[in-house]
There are 4 protein chains.
Amino acid sequence: MLTITRLDQADARLLIAGAEAHAREIGVPMCIAVADESGQLLAFCRMDGGKVTSATIAIDKAFTAAAARKATHEYGAASQPGAPAWGISSAIGGRLMVVGGGLPVDHDGQTVGGIGVSSGTPAQDQAVAQAGIDHWRAHRA
Amino acid sequence: MLTITRLDQADARLLIAGAEAHAREIGVPMCIAVADESGQLLAFCRMDGGKVTSATIAIDKAFTAAAARKATHEYGAASQPGAPAWGISSAIGGRLMVVGGGLPVDHDGQTVGGIGVSSGTPAQDQAVAQAGIDHWRAHRA
Amino acid sequence: MLTITRLDQADARLLIAGAEAHAREIGVPMCIAVADESGQLLAFCRMDGGKVTSATIAIDKAFTAAAARKATHEYGAASQPGAPAWGISSAIGGRLMVVGGGLPVDHDGQTVGGIGVSSGTPAQDQAVAQAGIDHWRAHRA
Amino acid sequence: MLTITRLDQADARLLIAGAEAHAREIGVPMCIAVADESGQLLAFCRMDGGKVTSATIAIDKAFTAAAARKATHEYGAASQPGAPAWGISSAIGGRLMVVGGGLPVDHDGQTVGGIGVSSGTPAQDQAVAQAGIDHWRAHRA
């Protein structure tokens, strides 16, 4: 049998709190999702003004980053025309997200979950996701 | 044009906090979702120990209760064999939930959102959803 | 709580009437969809001769434009190979449309809905959508 | 953070081997699926002669049993007309299986995965799933 470490709800809230704080700083209301290491949804927040389309996109970015253990922007590079993973963006019914804003959450060299952010530009989304991770690292028990 | 009143993120957090408190009281970790009046997801929490299957079910209960402005257990009664809404349980790709645990959130005679709870028995789910609404009514600004 | 302004059915009819008039002028029977500000369908018309495939596409263009508050052709530019939103075209089960013909409907600086048109070239679709908006602006109460 | 115990691939093979042996005994070629504790597929086998429709059904039985920590036949009883979970059978896009043949795999009081079997009668499916678990308990390291 395998022993797995995964984010709990307290972790998820720290991740969301850190992401929200940065989203407010840059003035872009975001959808923020946290998934466990299997990609299953742990927590979600659509800030006032976050886009409706971004709810699913944030959840799917968190899913992709956690379950594939890869930042979604890395899939963006790998799935360009002519690149090896060309076409992967429509896999899993379109849930495999290749747009930046999904980051795996790692701990002791293992992926323990993922965070996905959407409503801004992909660069903003990614920065907000990273801010969530930084806040979590600084404050987790 | 129409003017619509809907839950904001602060409302969603009050609803989840009240639901969580009751879930802890009865010792059943729950998935809790809050949707706006259009059924679109506003916030979600899978308490530690909440069931993975219940994530989607809670989100779909919130969607149904908000967007149809009806408690999901009412659809349960209306969709029994021979009853008028027989078969509705598989509508919208199965998102139309007829199992108890989804309640519309009403304000001034209008539905402003919905809360959906899953992981316990339907009666427990419904009680936890109601506790969320009661907490929201008592504490909202 | 939030107060939201959204299109009503009378608005939707004006939008469709304006779009239909322009579609007849250019001789291209169209599918025309209007969504509210959450992306939910308000009205739909497949003109005699409109394409069956275009029904879903028009609905999804209206959904995207309204719920993401962005014209679909802007997503087209942003999602080209190498561009930041590369890959977004398959998000939300493929509902996130990046082909021109979906326009947000704005009022007083807020998105109150969206219109999506399909059956012609993307440029024709977009022109017909814009004609719908122009007609609505000119005639709404 | 949470520490989770889940089946590994060696466990999955023991579960399938035990199920296959019983399927051969009763002369019914089966589809057999094993999921981890999150409901994600670990291993799958369609025995020669197993039904094509049963592949998805077996996978969804394993998913349901693992992720909801409940035997699918228990959902069958609970979702009869008039029973509390009436209508749950179409939840999660129809993946929530209420037909017998899905069993959670428990260890030390925790669900560590699930096994789902399909192609025979529900009673045969359930017996074959149970045989898989019995074999796993007898032979696992």
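The rules behind the values
- Residues numbered from 1 in each chain as written.
- Chains lettered and ligands numbered in written order.
- Predicted model: local features only at pLDDT ≥ 70, side-chain atom pairs only at ≥ 80, totals over all residues.
- Heavy atoms only, no water.
- Helix = DSSP H or I, 4+ residues; strand = E, 2+ residues; numbered from the N terminus.
- Rg over C-alpha atoms; globule rule 2.2 N^0.38 Å.
- Buried < 20%, exposed > 50% of the residue type's maximum accessible area, 1.4 Å probe, protein only.
- Contact = heavy atoms within 4.5 Å.
- Areas by Shrake-Rupley, 256 points an atom, 1.4 Å probe, with all protein chains shown as cover.
- Lys, Arg positive; Asp, Glu negative; His and termini not counted.
- Charge placed at Lys NZ, Arg CZ, Asp CG, Glu CD.
- Least-squares fit on C-alpha atoms with pLDDT ≥ 70 in both.
- Phe/Tyr/Trp six-rings, centres within 6.5 Å; stacked < 30°, edge-to-face > 60°.
- Lys NZ or Arg CZ within 6 Å of the ring centre and 35° of its normal.
- Buried area = accessible area lost by both parts, 1.4 Å probe.
- Salt bridge = Lys/Arg side-chain N within 4 Å of Asp/Glu carboxyl O.
- Polar contact = N/O pair within 3.5 Å; in protein donor to acceptor, adjacent residues only side chain to side chain.
- Nonpolar A, V, L, I, M, F, W, Y, C, P; charged D, E, K, R; others polar.

Colleague: An account of the overall build of chain A is needed here, citing residue identities and associated values.
Modeller: Regarding its fold elements, chain A presents 4 helices and 5 strands. Written out in order from the N terminus, the α and β elements of chain A read β-α-β-β-α-α-β-β-α. For chain A, the C-alpha radius of gyration of 14 Å lies close to 14 Å, the compact-globule estimate for 141 residues. Counting all 141 residues of chain A, 61% fall into the buried class. The long-range fraction of contacts in chain A, counting pairs at least 24 apart against all pairs at least 6 apart in sequence, stands at 64%. For chain A, the computed accessible surface area is about 5000 Å², with 53% contributed by carbon and sulfur atoms. Charged side chains of chain A number 11 positive and 13 negative; the gap between the two group centres comes to 4 Å.

Colleague: Can you explain the side chain of Asp 125 of chain A? Please cite residues and give values.
Modeller: All names here are of chain A. Position of Asp 125 relative to the elements: it lies in helix H4 (residues 122–139). Its relative accessible area of 2% is what places Asp 125 among the buried residues. In this structure Asp 125 touches Met 30, Lys 61, Gly 100, Gly 101, Val 117, Ser 118, Ser 119 and Gly 120, once residues within four positions along its chain are discounted.

Colleague: Describe the relation of the copies chain C and chain A, with residues and values.
Modeller: The operation relating chain C to chain A is a screw motion whose rotation component is 93°, with 0.1 Å of axial translation and a residual RMSD of 0.1 Å. What we have between these two chains is a four-fold relation. Comparing interface residues between copies, only 20% of those in chain C also sit at the interface in chain A, which points to a heterologous contact through distinct surfaces.

Colleague: Explain the relation of the copies chain B and chain D to me, using residue names and the numbers behind them.
Modeller: Relative to chain D, chain B is turned by 94° and slid 0.2 Å along the rotation axis, the superposed coordinates differing by an RMSD of 0.1 Å. The residues that chain B uses at the interface reappear at the interface of chain D in only 19% of cases, marking distinct surfaces.

Colleague: Report on the packing of aromatic side chains, specifying residues and quantitative values.
Modeller: Any pair of aromatic rings gets described here by the distance separating the centres and the angle formed by the planes. Following the criterion strictly, the structure yields 2 aromatic pairs over all chains and no others. Considering the side-chain rings of Trp 86 of chain A and Trp 86 of chain C, the 5.9 Å spacing of their centres and the 20° angle between planes classify their relative orientation as stacked. With one member in each of two chains, Trp 86 of chain A in the loop between helix H3 (72–78) and strand E4 (102–107) and Trp 86 of chain C in the loop between helix H3 (72–78) and strand E4 (102–107) form a pair that bridges those chains. Take Trp 86 of chain A: its relative accessible area is 51%, and that puts it in the exposed class. When its relative accessible area of 12% is taken as the criterion, Trp 86 of chain C is described as buried. A cation over an aromatic ring shows up here: Arg 95 of chain C above the ring of Phe 63 of chain C, its NZ or CZ 4.1 Å from the ring centre. Geometry around Tyr 75 of chain D places Lys 70 of chain D over its ring, the cationic atom sitting 5.2 Å from the centre.

Colleague: Describe the interface of chain B and chain D, listing the residues and the values that go with them.
Modeller: Each side of the interface is counted separately: chain B has 21 residues, and chain D has 20 residues. Taken together, the two surfaces of chain B and chain D that pack against each other cover about 1500 Å², and 64% of this comes from carbon and sulfur. Applying the counting rule to chain B against chain D returns 0 salt bridges. Our count for the contact surface shared by chain B and chain D stands at 7 residue pairs in polar contact (both at pLDDT 80 or more). At 3 residues, the largest contribution of residues to the side of chain B that touches chain D is made by helix H2 (residues 53–67) of chain B. The residue makeup of the side of chain B that touches chain D, split by class, is 8 nonpolar, 11 polar and 2 charged.

Colleague: Describe the environment of Ser 119 of chain B, listing the residues and the values that go with them.
Modeller: Residue and element names in this part refer to chain B. Checked against the element boundaries, Ser 119 lands in the loop between strand E5 (110–118) and helix H4 (122–139). Residues Ser 119 and Ile 57, spaced 62 residues apart in sequence, show a C-alpha to C-alpha distance of 8.9 Å. In contact with Ser 119, other than residues within four places in its own chain, are Val 28, Pro 29, Met 30, Cys 31, Gly 50, Lys 51, Ser 54 and Asp 125. Within the structure, the side chain of Ser 119 is placed 3.0 Å from the backbone nitrogen of Lys 51, a separation counted as a polar contact.

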